[in-house]
Amino acid sequence: MLDALTVAVSVAALALAAWCGFAAYRDQPTKDWHFIGMAVVTFLVLAQLVVGIVQLVRGEKAEEGTTIFVAYLLGALCAVPIAGFMSLAERTRWGSATVAAGAVVLAVLEVRLFDIWTVG
């Protein structure tokens, strides 16, 4: 995996979590700007998914197994969009809190992806 991309996704996810958490603190629902931020984070995760699959196809190995690595990649790809859809159903501050929680989950998944991947 590209360490810089993993760090970029983690930092972007934590920034999104802080932004949406602040909106929840101010009693605001998710707004269009939050969805743009979610799209940026999701694009970074999609790029990470492509890089991870390309590296697996090239023959590189994840230390803890290919299946768990791909499962974490797919989970990371789904974390923020699912939280975004859930925030559409909850148009209160709890929608913003849901996106903040989803972004924190993504940051934790990134740490775990970093641990799983070791070029063998």
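Because the structure is a prediction, the values reported are computed rather than measured. (Residues numbered from 1 in each chain as written. Predicted model: local features only at pLDDT ≥ 70, side-chain atom pairs only at ≥ 80, totals over all residues. Heavy atoms only, no water.)

**Re the packing of aromatic side chains**
When we look at a pair of aromatic rings, we describe it by the centre distance and by the angle of the planes.
So, step 1. Enumeration over the complete set of coordinates arrives at two aromatic pairs.
So, step 2. Measuring from ring centre to ring centre gives 4.8 Å for Phe69 and Trp117, while their planes differ by 40°; the resulting arrangement is tilted. Here the residue Phe69 occupies a position in helix H3 (residues 66-89), and Trp117 occupies one in the segment after helix H4 (93-116), the gap between them amounting to 48 residues. Trp117 carries the same exposure label as Phe69, and that label is buried. (Phe/Tyr/Trp six-rings, centres within 6.5 Å; stacked < 30°, edge-to-face > 60°. Helix = DSSP H or I, 4+ residues; strand = E, 2+ residues; numbered from the N terminus. Buried < 20%, exposed > 50% of the residue type's maximum accessible area, 1.4 Å probe, protein only.)

**Re the UniProt feature "transmembrane region" (unreviewed entry) in the chain**
So, step 1. The UniProt feature table records "transmembrane region" (unreviewed entry) at residues 33-57, 69-88 and 94-114.
So, step 2. Annotated as 100% helix and 0% strand, the span residues 33-57 places its first and last C-alpha atoms 36 Å apart.
So, step 3. With 100% helix and 0% strand, the stretch residues 94-114 has end C-alpha atoms that lie 30 Å from each other. (UniProt positions renumbered as here; feature names shortened; annotations may be inferred.)

**Section: the side chain of Ser87**
So, step 1. Along the polypeptide, Ser87 turns up in helix H3.
So, step 2. The residues contacting Ser87, other than those within four sequence positions of it, are Thr30, Phe35, Gly95 and Val99. (Contact = heavy atoms within 4.5 Å.)

**A few points about the state of the cysteines**
So, step 1. Taken as a whole and judged by the stated rule, the model has zero disulfides.
So, step 2. Considering cysteine sulfurs only, Cys78 is the nearest to Cys20, which forms no disulfide, with 18 Å between them. (Disulfide = S-S within 2.5 Å.)

**Section: H3**
So, step 1. Counted at 1.5 Å a residue, the expected span for H3 with its 24 residues is 34 Å, and the 35 Å between its end C-alpha atoms agrees.
So, step 2. Of the residues making up H3, those classed as buried are Phe69, Leu73, Ala76, Ala79, Val80, Ala83, Gly84 and Ser87.
So, step 3. Looking at the buried positions of H3, the neighbouring elements they touch are helix H1 (3-25), helix H2 (32-57) and H4. (Expected span 1.5 Å × (residues − 1).)

**Side note on unusual backbone geometry**
So, step 1. We note that Asp27 has phi near 65°; this positive angle belongs to a residue other than glycine.
So, step 2. Along the chain, Asp27 falls in the loop between H1 and H2.
So, step 3. Residue classification places Asp27 among the exposed residues on the basis of a relative accessible area of 54%.

**A few points about the packing of H2 against H3**
So, step 1. Where H2 contacts H3, the axes come no closer than 10 Å and their chain directions differ by 165°. The angle between H2 and H3 places the two elements in the roughly antiparallel class. By crossing handedness, the relation of H2 to H3 is classed as left-handed. Residue-level inspection shows Phe35, Met38, Val41, Thr42, Val45, Leu46, Gln48, Leu49, Gly52 and Leu56 of H2 in contact with H3, the latter providing Thr66, Phe69, Val70, Leu73, Leu74, Ala76, Leu77, Val80, Pro81, Gly84, Ser87 and Leu88.
So, step 2. Broken down by class, the residue content of the contact of H2 with H3 amounts to 16 nonpolar, six polar and no charged. (Axes fitted to C-alpha atoms, helices over the stretch in contact; angles between N-to-C directions. Parallel < 35°, antiparallel > 145°, perpendicular 65-115°, else oblique. Left-handed = near helix turned anticlockwise from the far one by under 90°. Nonpolar A, V, L, I, M, F, W, Y, C, P; charged D, E, K, R; others polar.)

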